[in-house]
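What follows is the residue order along each chain.
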Amino acid sequence: MTALDHPTGASGWLGLWRRTPLSFRIGAVILLLHGLVAVFGPYLVPYGYSEMRTGIPLTGMSFEHPFGVDQLGRDVFSRVVHGAHIVILLSLSGTALGLVLGSIVGLLSGYVGGWIDNVIQRLLETLISIPFLVLALLAMAAAGPELAGNPVLVILVVALVYFPRIARMARSAAIDIATRDFVTIAKLRGETAWSVMRRELLPNATSVLLVEFALRAGYAPVLIGSLGFLGFGVKPPTPEWGLMISENRALLIISPITVLGPGLALASLVVGLNLFTEGLARILGRTVKLGGA
Amino acid sequence: MIIARLILGRIASSLLTLLLVSLLIFLVLEVLPGDVATRVLGRDATPESVAILRERLNLDDPAYLRYLTWLGNFLTGDFGRSLISGRPVIDILGPRIFNTLLLAAYAFLLYIPLATLPALIQAVTRDRPLDHALSLVTLVLLSMPDFLLATILLITFVLAIPILPAISLVDHSSSAFEYFRAMTLPAVTLAIVMAVYAVRMLRDNLIEVLDSEYVRMAELKGVPAARVVWRHALPNALVPTLNVTALNLAYLIGGVVVVERVFSYPGFGSLLLDVLQLRDLPVIEATIMLAAAVYILGNLLADIAALLLNPRLRSG
């Protein structure tokens, strides 16, 4: 029984919406706002993300510059808005890639079992044994100076950090599903492991994987922000929020809003994703432990 | 003796994982396509300097031989020398590890009350406004990146309450009090981030235990409420959080990288960032091996503790 089964008077989409948990609704609204800013924001803000001399550098909050002006004279608010689609796209595509890889590896490994499963588990364990930020930094460093700051590299690194963790969840789901009759029947029909995975395991693991995706996506902006903050993520002048916080840190005492502005954007996105995930998990009748790692 | 076998099995599997980690680190840093020497020195390196580096890293030997030599040296405690300063890696790493261990111990000390007290308050006032308010606070803190939290603490304590230093530089000549002052803000940041993970779980565990029959029984027997919470509920609710504490150890290893950078604290994490930027391979390898070893050890200890504490696993 899930949260949506409770009978109430309302019907249709509005009724469905009203029956979702409060955390899901608040999270969805926050995410919708972020989505709108990401899509339309760049056309509405007065300045470009690398446009200099928009105001007097180091001045604090004002009506024209709600988040102040940075050292190079760029409008921080415009930069934060321009950054939204970058942060969201990098997070979602990195997590999605991790989900696809993790689901395939995890479901197949759990279904096939035996020594193949053992070997795969060992390798996944190896990747999980390196703390994820350290693993991400290692991958960034190993890619060498030519690729440094490439957004595709950031996506690949997010996927690399997440796929072993997602695979572990997918594997336990597969082991559970594989004991059911319809899988045995499919096997007796002579279906290949790939087709059993795609047609029997995947559809039945959807809710596990969906929650796992939301959970990981919720932490991805922090991971990307941490890399940017530490100088191992996307390169300036990209308006990625972690990078902006790091760039404006020197202004902290004169104009704290230049740091708090991008910080607010990042934290609110993650709050939205976390609330959404918690609500989604409750709708799907699962428990979820927030926190990423 | 089933338990002893289980524990030995876990230890063996941890050692195997550590071996695989060493192989992975070596593969990624020294065997991946592209010449290591050019990757370390950059594209515009002179042929002479590339040749010298190739010689120093024995790059003309086959990869498996280099790996075995490296691993052998590693196991005998020889971590090599820095490519930049020529100093033995162990001399560079030693003081940094000391600083980080001190910081981690301080953070863990703060972590215990920061995790327990809010969870206790929430469990006792469950579903009342205070519980909801604390839930909201932990959710916001959970969503706050550690580098942002560290930065905000930095503003608050350096600007508003200027009793703590903004830059936590310490060295062997610093007094104990200077160390204490320098470590406070980084330790508070780490402790808050770790505690937030634990509070949410501990609250739910506590509520579950408070609803259990033996706690009801203790209440019916007339045991004072405070004693019920402290002696009956809390110890039982803490067992499942061991896992979170192991996860926190994992976080701590990544967390020190960020927090040490924000506060310029000369520990293991800021060393890792420096050597990654400088491409100082021997130091990178030793640092990452150490991070993985600590993490694997933490997980192993959590597993063993769970085995010892779980009577069902004990009997078979």
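Residues numbered from 1 in each chain as written. Chains lettered and ligands numbered in written order. Predicted model: local features only at pLDDT ≥ 70, side-chain atom pairs only at ≥ 80, totals over all residues.

(A) Expanded view of the overall build of chain B. When its secondary structure is counted, chain B shows 14 helices and 0 strands. Helices and strands appear in chain B in the N-to-C order α-α-α-α-α-α-α-α-α-α-α-α-α-α. In chain B, buried positions account for 36% of the 316 residues. Considering only contacts within chain B whose residues lie at least 6 apart along the sequence, 72% involve residues at least 24 apart. (Helix = DSSP H or I, 4+ residues; strand = E, 2+ residues; numbered from the N terminus. Buried ≥ 20, exposed ≤ 12 C-beta atoms within 10 Å, placed from the backbone. Contact = placed C-beta atoms within 7 Å.)

(B) Focus on the overall build of chain A. Counting its regular elements, chain A contains 10 helices and 0 strands. Moving toward the C terminus, one meets the helices and strands of chain A in the order α-α-α-α-α-α-α-α-α-α. Scored against the burial criterion, the 293 residues of chain A give a buried share of 49%. In chain A, the share of contacts with a sequence separation of at least 24, taken over all contacts with a separation of at least 6, comes to 70%.

(C) Fine view of the packing of helix α5 (residues 132-142) of chain A against helix α6 (residues 151-178) of chain A. Residue and element names in this part refer to chain A. Contact geometry of α5 with α6 gives a least axis separation of 10 Å together with a crossing angle of 140°. Classified by the angle their axes make, α5 and α6 are oblique. Of the two elements, α5 crosses α6, and the hand of that crossing is right-handed. In this structure, α5 contributes Phe-132, Leu-135, Ala-136, Ala-139 and Met-140 to the contact, and α6 contributes Leu-153, Val-157, Leu-160 and Val-161. Residue composition of the contact of α5 with α6, by class: 9 nonpolar, no polar and no charged. (Axes fitted to C-alpha atoms, helices over the stretch in contact; angles between N-to-C directions. Parallel < 35°, antiparallel > 145°, perpendicular 65-115°, else oblique. Left-handed = near helix turned anticlockwise from the far one by under 90°. Nonpolar A, V, L, I, M, F, W, Y, C, P; charged D, E, K, R; others polar.)

(D) Geometry of the environment of Gly-261 of chain A. Residues and elements named next belong to chain A. With respect to the element layout, Gly-261 can be found in helix α10 (residues 257-283). When the C-alpha positions of Gly-261 and Ala-281 are compared, they lie 30 Å apart, and in sequence the two are 20 residues distant. With residues up to four places along the chain from it excluded, the contact list for Gly-261 reads Phe-67, Val-76, Phe-77 and Val-80.

(E) Expanded view of the interface of chain A and chain B. At the interface, 37 residues of chain A touch 40 residues of chain B. Contributions of two or more residues to the side of chain A that touches chain B are made by α4 (114-128), α5, α8 (193-229), α9 (241-247) and α10 of chain A.

(F) Broad picture of the nonpolar core. Ranked by internal contacts, the top residues of the largest apolar core, which has 162 residues, are Ala-136 and Val-158 of chain A together with Ala-191, Met-194 and Ala-195 of chain B. Among the elements that line this core, the one with the most residues is helix α8 (residues 176-210) of chain B, at 20 residues. In this structure, Ala-136 of chain A is in contact with Val-157, Val-161, Leu-223 and Leu-227 of chain A, ignoring residues within four places of it in sequence. (Core = buried A, V, L, I, M, F, W, Y, C linked by C-beta atoms within 7 Å.)

(G) Focus on α5 of chain A. In terms of burial, α5 of chain A is largely enclosed, as 9 of its 11 residues are buried. Buried within α5 of chain A are the following residues: Phe-132, Leu-133, Val-134, Leu-135, Ala-136, Leu-137, Leu-138, Met-140 and Ala-141 of chain A.

(H) View of the environment of Leu-127 of chain A. Residues and elements named next belong to chain A. As for its placement among the helices and strands, Leu-127 is situated in helix α4. Separated by 108 residues in the primary sequence, Leu-127 and Lys-235 place their C-alpha atoms 26 Å from one another. Contacts of Leu-127, omitting those with residues within four sequence positions, involve Leu-135 and Pro-164.

(I) View of the packing of helix α2 (residues 22-44) of chain A against helix α3 (residues 76-112) of chain A. Residue and element names in this part refer to chain A. Remark: α2 packs on α3, axes separated minimally by 8 Å, with the N-to-C direction vectors making an angle of 120°. Taken together, the axes of α2 and α3 are oblique relative to one another. α2 and α3 meet at a crossing whose hand is left-handed. Packed against α2, whose contacting residues are His-34, Val-37, Ala-38, Gly-41 and Pro-42, the element α3 presents Val-81, His-82, Ala-84, His-85 and Ile-88 at the interface.

(J) Looking closely at α3 of chain A. All names here are of chain A. With 37 residues, α3 extends 52 Å from end C-alpha to end C-alpha; this agrees with the ideal 54 Å at 1.5 Å per step. Of all 37 residues making up α3, 27 are buried, and the element is well covered by its neighbours. Following α3 by one or two positions, Gly-113 adopts a phi angle in the positive range, close to 65°. (Expected span 1.5 Å × (residues − 1).)

(K) Representation of the environment of Met-61 of chain A. Mapped onto the fold, Met-61 of chain A is located in the loop between α2 and α3. If we ignore the near neighbours within four places in the chain, the residues touching Met-61 of chain A are Pro-66, Gly-68 and Ile-257 of chain A.

(L) Structural detail: unusual backbone geometry. Looking along the chain, the bond that leaves Pro-236 of chain A and enters Pro-237 of chain A is cis, with omega of 5°. Along the chain, Pro-237 of chain A turns up in the loop between α8 and α9. Phi is positive for Ser-264 of chain B, which is not a glycine, with a value near 50°. Mapped onto the elements, Ser-264 of chain B comes out in the loop between α11 (241-262) and α12 (268-278).

The values are spatial; any link to function lies outside them.
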